[in-house]
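Here is what each chain is made of, one letter per residue.
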Amino acid sequence: MRMWIYIVRRLILVVPIIVGVMTITFALVSALPIQDRLISSFGPPPKNAPCGYSPVCPCSVFGLPQAGNCTNPLYQRDVNKLGLDSPVYVQWGIYIGNSLTFQWGYVDNHSGASSADSLIQGEPVATVLSWLLPYTLELAIFSLIIILIVSIPLGNLAAVYRNRPVDQASRVISFSGYALPGFLLGTFLLMAFVLGLGPTFNGEDPTCKAQSFFQVFYGSWPSQLCYPNGQWPSWLSKGVITTPTGFPTLDALIHGQGWLALDSIIRMVLPALVIAYGTIAGLLRFVRNSMLEVMNLDFVRTARSKGVPENVVISKHAGRNSLNVTITVLGLTFAFFIGGFPVVETIFDLNGVGRMFVYALLAPYDFGLIFGSTLLFTFLVVFANIIVDVLYAYLDPRVRLG
Amino acid sequence: MSAGVTEAPAPLAEPAEAVPVARRGRRPNPRIAQMKRTWYFLRRNTLAMVGIVILVIFILIAIYALFQPIPWTQLQQECASSGLYPPVNGCLCTYSSGTVSPGPNCYQTPSGYPSDIAPTIDFSHGTLGPLPLGSITTAPSNPTFYNIYAGLLRGSDWSLGVSVAIVGTGALIGLLVGAISGFFGGWVDEALMRIVDIFLSIPQILFVIIVIAVLVALPVFQPFGMRVALLIVGFVIVWWPFYARIVRGQVLVVREQKYVEAAKASGAGGGRLVLRHIIPNSVYPIFVQMSLDVGTIPLLLGTLVYLGFPVFPTIYFPEWGSMAALSVYSGAGASTFTDALLTCQFGTCVIPWWQFLFPGLMLFLYAISVNFLADGLRDALDPRLRR
Amino acid sequence: MSAVSQPLRDASPLPTEASFPLSAPAPTTPEPIPATTLSSPVVLDVRDLKTYFFTYDGVVLALDGVSFKVRRGETLGLVGETGCGKSVTAFSVTRLIPDPPGRVISGKVLFRGIDLLWGLDAEAKIKINPKTGRAKVRRSFRRIKAGLERMSAVRGRGISMIFQEPTQAMNPVFSVADQISEALILHQGTHLVDEMMSATPDAPEVLPAMEALVDVTRAGGDPDTARRAAAKVAEAVHLPSFGTQSFYLVRDSELSSEDMVRRLQRGLRRTYLSRMERRYLRYRRKRMVIEDELHDLYLSEMREGRVDRRQRRILRGRRTRLRLGGFYYGVWGIRGRIQRPLRDEAFWRTVGRLEEVSIANPVQVAKGYPHELSGGMLQRVMITMALSVEPTILIADEPTTALDVTIQAQILELMRELKTRIGTAILLITHDLAVIAEVADRVCVMYAGQIVETARARDLYTHPLHPYTQGLLASIPNLERPDKKLSSIPGSVPDLIHPPEGCRFHPRCPYAMPVCKEVRPPTTVEGAEHTVACHLYKGTVAVE
């Protein structure tokens, strides 16, 4: 019962944060020139609009007898919709209302993003992002699994066997992981593979050698040059299924395409490793330090004096308590974790919200996508923090009271 | 440490001013004693010392590069005035239809074709040093040269300078906000911490990008010099919440210490209390975070350039992250990373590996040495590791 | 007359399946525990225990040759100032000294004939740098791990401990019942499982007994009658813990009789074991038996000093195979549910134990978490946990220091009562002379890592021999003579890294003689069970 109250209270606390984030993006959006704002909010002007979004137009275009310029009704209407000539708080209200109802604008036809991916031209931003979110989520879940599986046991071991080889190894990992951000590590890895360090599929053609190994792990399908007789390997098929759930792996499984699901997972291995490496670097030290602290606490001594075998003392008594700190730190570094997605998705050419964000940064910025992706990522961070807090309350009964 | 012996819990840090009486004789200043102790622990930590040594080398390089006789913009003018192709995108000299006309800081490969792996040096023009680090080249169709060695040296300047500026400003703002929030408590604390939470919920990279993307359009930031300021302002906006949160946590603890009570009892008012007692004792955790951030920021800059975001005023900018990131796109003239790699030939990859390796290595060394130092600082300043 | 102990008549095996007069709700009269006399066997014999801590500032000579004996059923007090090494002694005996800084260097600790420090020397090689005073310790982690495994055979079963800060001593994320059940299942598991498997919930006497209980409860009256009725229910079911459960199920309840009976029947459901559950219980019992056999093996190793590698390998192999086989229960995901009967049984036994230490609402306390309880309550819980397995000796490390005086009195009373009932010896460590006067039979006075005087409690207070003891007693404020100046022992506790030469007390001793600065005084016998280590006395040197 207390748990539910805690969850509800936590959810209520989220609202001001979300509104606050939207306020920040509102502040930034307000600094944009009006033309950009109009395009990103309502999409490109319809074809039959004579003057587009310009504020004034020669009156003759509208069939009016006066000379000179008249105000463009399209412009006027859109400005009214956004409240641009109203006081700031009205604009703010309209913006928050739009954001909360997922009306994040439209993709600009002439932006870099549209030229990179023609499918998205003119679509609402929220819709585009909803197509891509499952890919990012799959990658995120995969990375998180790797992170948890590696960092918690390794950190515990590093604390228990302090200053011994395990500890030194964990230190190497955490230091190097800090100094190798996404693009450095990714590029180093790719250079290693592409420069011929991978296994040979068919020995002669080095192009094929590099390509085939590379292609197994990345988005593109192998060119038919590389395989004898131009045959595809049987387990690679030629598509990605996105019904009903939108998650490629799940959908492949639902449709019974085991190999396709396996392929989609294999494609995420390297990117997940790169993302996980960065996060593990930070987390490992924390896990180790918190475990060291916990091992010196009184109740561990009590458990030992009860006759509990040592491995149970470490794993059950000490481990459970250090898990709290670990989970909290994971929540705090979630923002940093998410920030690695644009780079990794770009390097490894995966679909996803991160890559769309990068496309949005190509030559003419697509502000709708930029701010939309930012909001989406922030929602993810906030959501993850909620989960972390709830998990923390579940693990530590002392928290449930307050 | 003897088990089971009851000891009073160790205070978080030596109180900066335990008893505010006039100094008589030679009583040691506790703050200096604290610094000495920290230095003693740092010295014992091999990794931290390695980090410090490497950082000192970087600082020396930066100073050396500062005093190079030819500044950046002057090079551009020199190229232009000597009748070469107008400098494009920050190149120093250009190669046009068979003849290479190098400028004072330009190296020439033996065959003149830019994609050779092992460039040699033309000593007659070497003013910035003999290291055979090669050059960054643009697409094979329009090759231009750019001195990697010069870039490495200059990059030191940039990485250190910009990082220190950002970290210093951010820490200052964060310190103020955190101290106010922690000291006054109540609704001030709540409100400020909510704001900090909001800022911290937005992933750093994205936040920096959107801030800079919006601010770059503002007319105040157009001139070249102001672009640097734009960078710093953008980063500071994103970074100050980290410090605010750390400082507030520490202030909350320091506030309860006995010496603060003693100072209050002897009549210290709000401002004096904050300035003289609370802030000096709350800054310690910031140092660790500051040193970590000094390492992270150049990495972040590189990531931004990698994402295609025009952080710097020109494309080929002498900064490690920029050089490393752009080397990926440069050789292929391709628009995506995948395309760039797809045209890779065995052995002569169109990512000119030397263009990526040296700046990348410098970045890595810099970051890891900073991390060593930060880790050593953390261990040295941690009061719970009672020795 | 000397302190030479008589040889132990029997090195009786540790209780693995003891009888539990405590588990019945109604107090039965236990067999009388014989009073402790000189001829009682010595259960704990500590000889010349040395423990050092290796720190950056040098080697802390925390314990420098500590010797004492504890007899069966007696309470030995260990008194001294803060920092004199009392707690270190306790931890050294059970090898709980945290290893990076500290190690037990030498000595013999015989617990009922078992050498607890066996194998300790082989764990580490220590080299002391004479110039800096720092030491280099090379540890063999394999041996340390083996040593810890051996100690877990003794800890909790033969020797129990309770600690100083009860609010920190329990794990905050597990409920109180979980933690006490852990000890119960660990040490009395086979008995638990046997009782569970032999329960007879279907016996014809059960329902009438339950109805009788309901009648008694609804009729009001004193709880003892209800308890007796509950005991009859337990008898009918052949499961003592169900007696506790039924007592609390129907207590304070305004339900109708039918509802109460239904409640009881619902509670009875846990004693019906499905086939899977029975299989699981048999598996657990096998594991417990293997653990017991391993522990017995370790104990015999420590007793005789001989290692039976073959047997150890056999037992460990069997244990590993059992563990691997246990994945079967985990794989099916039913482990949580399958463990429920065992956990419930342990829960109700815990409630029964908590009853005995006069905790008013044991069910809520058991279900709750440590942070919900007060210090005094927690210390009772800790005592329950420590004594529930009837250890031979209870080491209490300043159990009342963190509590206020009224609670202190309750706790001491509790310890005294439990001691009479079970016959546990108590090693009571404290700095409070009043507590010692209340509870202890004999007292050892410690100073700076050495025992300076040992005597019967009464003798110590009436004829203190050592100057330190005299100073301690003299410094107690005397209510009868309020104008007498408060006296204290001049000086302060010495630095244990560079302790004084000779007798460690000589800098503060009013009777110091030249010989005190050079030679450490031997322990001499000065009366019936009264030994002292001081050059002032020239009795016969105690033979260890």
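Because the structure is predicted, anything quoted here is derived from the model rather than measured. (Residues numbered from 1 in each chain as written. Chains lettered and ligands numbered in written order. Predicted model: local features only at pLDDT ≥ 70, side-chain atom pairs only at ≥ 80, totals over all residues.)

Our next topic: the overall build of chain A. Looking only at helices and strands, chain A has 17 helices and two strands in total. Each of the 402 residues in chain A was classed as buried or not, and the buried ones make up 43%. Summarising the internal contacts of chain A: among those between residues at least 6 apart in sequence, 61% fall at separations of at least 24. (Helix = DSSP H or I, 4+ residues; strand = E, 2+ residues; numbered from the N terminus. Buried ≥ 20, exposed ≤ 12 C-beta atoms within 10 Å, placed from the backbone. Contact = placed C-beta atoms within 7 Å.)

Below, the discussion takes up the overall build of chain C. Within chain C one finds 17 helices and 15 strands. Against the 2.2 N^0.38 benchmark of 24 Å for 544 residues, chain C shows a C-alpha radius of gyration of 26 Å, consistent with a compact globule. Dimensions along the principal axes, computed over C-alpha positions, put chain C at roughly 85 × 65 × 45 Å. The 544 residues of chain C split such that 45% are buried. (Rg over C-alpha atoms; globule rule 2.2 N^0.38 Å.)

For the rest of this paragraph, the subject is the sheet that holds strand β15 (residues 540-541) of chain C. Residues and elements named next belong to chain C. Judged by pairing direction, the sheet is mixed, and its nine strands sit side by side in the order β8-β9-β10-β3-β11-β12-β14-β13-β15 without closing on themselves. The open sheet terminates on both sides in strands that have one partner only, identified here as β8 (159-162) and β15. Sheet analysis places strand β12 (residues 450-456) next to strand β14 (residues 530-533), joined by two bridges and oriented antiparallel. Across the sheet, the residue bridging to Thr454 is Thr531, located in β14. (Pairing = 2+ DSSP bridges.)

Further remarks concern the nonpolar core. In globular proteins that are soluble, nonpolar side chains generally tend to be buried together. Grouped together as the largest cluster of nonpolar side chains are 304 residues, with contacts concentrated most on Val208(B), Ile209(B), Val233(C) and Leu427(C). Composition of this core by domain shows at least three residues from each of domain 1 (35-156 + 426-541) and domain 2 (200-271) of chain C. In this structure Leu427(C) touches Val70(C), Leu76(C), Leu78(C), Ala90(C), Ile393(C), Ile395(C) and Ala396(C), once residues within four positions along its chain are discounted. (Core = buried A, V, L, I, M, F, W, Y, C linked by C-beta atoms within 7 Å. Domains from an automatic or database assignment.)

Domain annotation of chain C identifies domain 1 (35-156 + 426-541) and domain 2 (200-271). When each unit is reduced to the centre of its C-alpha atoms, the spacing between domain 1 of chain C and domain 2 of chain C is 52 Å.

In a regular helix each residue adds 1.5 Å, so 14 residues correspond to 20 Å; helix α2 (residues 141-154) of chain C covers 21 Å between its end C-alpha atoms and thus fits that length. Looking at α2(C), one finds that the buried residues are Gly147(C), Arg150(C), Met151(C), Ser152(C), Ala153(C) and Val154(C). Turning to α2(C), the residues buried within the fold contact α13 (310-332) of chain A together with β4 (102-111), β8 and α8 (275-304) of chain C. Of the residues trailing α2(C), Gly156(C) is marked for its positive phi of about 85°. (Expected span 1.5 Å × (residues − 1).)

Time to look at the pairing of strand β2 (residues 58-71) of chain C. The element β2(C) is extensively covered by neighbouring structure, given that 10 of its 14 residues are classed as buried. Here strand β1 (residues 42-55) of chain C hands over to β2(C) after two residues, the two strands then running antiparallel side by side.

Let's shift gears to the sheet that holds β2(C). All names here are of chain C. Taking strand neighbours across the sheet as the criterion, the four strands line up as β2-β1-β4-β5 in an open arrangement whose pairing is antiparallel. Edge positions in the open sheet fall to β2 and β5 (114-115), since each of these has one partner strand only. As judged from the 11 bridges shared by β1 and β2, these two strands associate in the antiparallel manner. Residue pairing in the sheet places Phe54 in a bridge with Val59 of β2.

Among the structural elements, Arg269(C) can be located in the loop between α7 (257-268) and α8. Considered as a pair, Arg269(C) and Pro201(C) are 68 residues apart in the sequence and their alpha carbons are 8.3 Å apart.

This paragraph deals with the confidence of the model for chain C. A residue-level look at chain C finds 91% of positions with pLDDT of 70 or above and a mean pLDDT of 81. In the predicted assembly, ipTM is 0.83 and pTM is 0.79. (pLDDT = per-residue confidence, 0-100.)

With that settled, consider the pairing of β8(C). All names here are of chain C. Side chains Ile159 and Met161 of β8 all project onto a buried face; the interleaved residues Ser160 and Ile162 project onto the opposite face, where all are buried too. Sheet analysis places β8 next to strand β9 (residues 393-397), joined by four bridges and oriented parallel. Bridge pairing in β9 links Ile159 to Ile393.

Residues and elements named next belong to chain C. In contact at an axis separation of 10 Å, helix α13 (residues 375-387) and helix α14 (residues 405-422) are set at 15° when each is read in the N-to-C sense. Between α13 and α14, the interaxial angle falls into the category roughly parallel. As α13 runs across α14, the sense of the crossing is right-handed. Where α13 abuts α14, its residues Gly375, Gly376, Gln379, Arg380, Ile383 and Leu387 lie against Ile407, Gln410, Ile411, Leu414, Met415, Leu418 and Ile422. Taken together, the residues of the contact of α13 with α14 break down into eight nonpolar, four polar and one charged. (Axes fitted to C-alpha atoms, helices over the stretch in contact; angles between N-to-C directions. Parallel < 35°, antiparallel > 145°, perpendicular 65-115°, else oblique. Left-handed = near helix turned anticlockwise from the far one by under 90°. Nonpolar A, V, L, I, M, F, W, Y, C, P; charged D, E, K, R; others polar.)

As a further point, take unusual backbone geometry. Excluding glycine, most residues fall at negative phi; most peptide bonds, likewise, are trans. Residue and element names in this part refer to chain C. Although it is not a glycine, Arg95 sits at a positive phi angle of roughly 60°. Mapping Arg95 onto the fold places it in the loop between α1 (86-93) and β4. The residue Ser358 is not glycine, and still its phi comes out positive at about 50°. Ser358 sits in the exposed class, given 12 other C-beta atoms within 10 Å.

For Met276(C), the position within the fold is in helix α8. With 190 residues separating them along the chain, Met276(C) and Lys86(C) place their C-alpha atoms 50 Å apart.

Right, let's get into the confidence of the model for chain A. Residues and elements named next belong to chain A. Per-residue pLDDT for chain A averages 78, and the proportion of residues at 70 or more is 83%. No element of chain A has a lower mean pLDDT than helix α9 (residues 206-217), at 42, and none a higher one than helix α12 (residues 298-306), at 90. Of the regions scoring below 50 in pLDDT, residues 195-238 engages in 60 contacts with residues more than four places distant in sequence or in other chains.

Residues and elements named next belong to chain B. Mapped onto the fold, Ile61 is located in helix α2 (residues 46-66). The sequence separation of Ile61 and Ile232 amounts to 171 residues, and the corresponding C-alpha distance is 22 Å. Residues contacting Ile61, with those up to four places away along its chain left out, are Leu153 and Ser156.

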